[in-house]
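Secondary and tertiary structure notes
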Amino acid sequence: MPSVSVPATTRGGMPIEVRRSARRKRTVNAVFRDGVAVVSIPAHFTRHQEAEWVQRMVDRLETRAAAVPAPDPAKADSELEQRAADLSARYLGGAARPTSVRWVSNQKSRWGSATPARGTIRLSDTLIGMPSWVVDYVLLHELAHLIEGSHSPKFWRLLDPYPHTETAKAYLSGAAFAAARGLKGEMAED
């Protein structure tokens, strides 16, 4: 059998890391994690199987990544405004009517902010990619600030109808904890 080599980088030049796992029996997994294409394979794979599966999974990753178009910022803000209107109607009786809702890239210490006097809401783009129910919580939180500026009992009562408030707060606390310690990416399966 001819010699087979496992590629060291993707077509785009990203490094490839192969992880062999004795616990993994048949499945192969691949993810982009912190600038590396990580491919997890069963420990019993031969060198030929490793080369075949690494190439196959990296091709899939790159195809998927290429299929996701870069978001149009104007459209993203427009979608965010519609999302805010829907959340206000559903959970706040339509009482919160922001003048603008937009994603911002310069807000790193807070998930979102509201300026009640101007009716504006800004969400940190670090929320992009988080579960929708987490983003909805942050958006609803800022909408509630347009009605009640402080974190008073009245403010928190406004959020009572949203079923994911406590879970979203816990999720964001975990994300903040990880970010403060420089932790990135998903947890490893192995």
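Residues numbered from 1 in each chain as written. Predicted model: local features only at pLDDT ≥ 70, side-chain atom pairs only at ≥ 80, totals over all residues. Heavy atoms only, no water.

1. Focus on helix H5 (residues 165-180)
If you check H5, its first and last C-alpha atoms are 22 Å apart, about what 16 residues at 1.5 Å a residue would give, namely 22 Å. Listing the buried residues of H5 in full gives Thr 165, Ala 168 and Leu 172. Projected onto a plane normal to the axis of H5, the buried residues spread over an arc of 65 degrees and lie on a single side. On its buried side, H5 packs onto helix H3 (132-147) and helix H4 (153-159). (Helix = DSSP H or I, 4+ residues; strand = E, 2+ residues; numbered from the N terminus. Expected span 1.5 Å × (residues − 1). Buried < 20%, exposed > 50% of the residue type's maximum accessible area, 1.4 Å probe, protein only. Arc of directions from axis to C-beta. Contact = heavy atoms within 4.5 Å.)

2. Focus on the packing of H3 against H5
At their nearest, the axes of H3 and H5 sit 9 Å apart, and the two run at 100 degrees to each other. Taken as axis vectors, H3 and H5 run roughly perpendicular relative to one another. Contacts between H3 and H5 involve Trp 133, Val 134, Tyr 137 and Val 138 from the first element and Thr 165, Thr 167, Ala 168, Lys 169, Tyr 171 and Leu 172 from the second. Here the contact of H3 with H5 is built from residues that sort into 7 nonpolar, 2 polar and 1 charged. (Axes fitted to C-alpha atoms, helices over the stretch in contact; angles between N-to-C directions. Parallel < 35°, antiparallel > 145°, perpendicular 65-115°, else oblique. Nonpolar A, V, L, I, M, F, W, Y, C, P; charged D, E, K, R; others polar.)

3. As for the sheet that holds strand E3 (residues 36-42)
The strand order across the open sheet built from 3 strands is E1-E3-E2, with neighbouring strands paired in mixed fashion. Of all the strands in the sheet, just strand E1 (16-21) and strand E2 (29-33) have a single pairing partner and so form its edges. Across the sheet, the mean angle from the axis of one strand to that of its neighbour is 20 degrees, orientation sign disregarded. (Pairing = 2+ DSSP bridges.)

4. Examining the sheet that holds strand E6 (residues 120-124)
The strand order across the open sheet formed by 3 strands is E4-E6-E5, and the pairing between neighbours is mixed. In this open sheet, the two edge strands, each paired with only one partner strand, are strand E4 (100-104) and strand E5 (112-115). Each strand of the sheet is rotated relative to its neighbour by a mean of 15 degrees, with strand direction disregarded.

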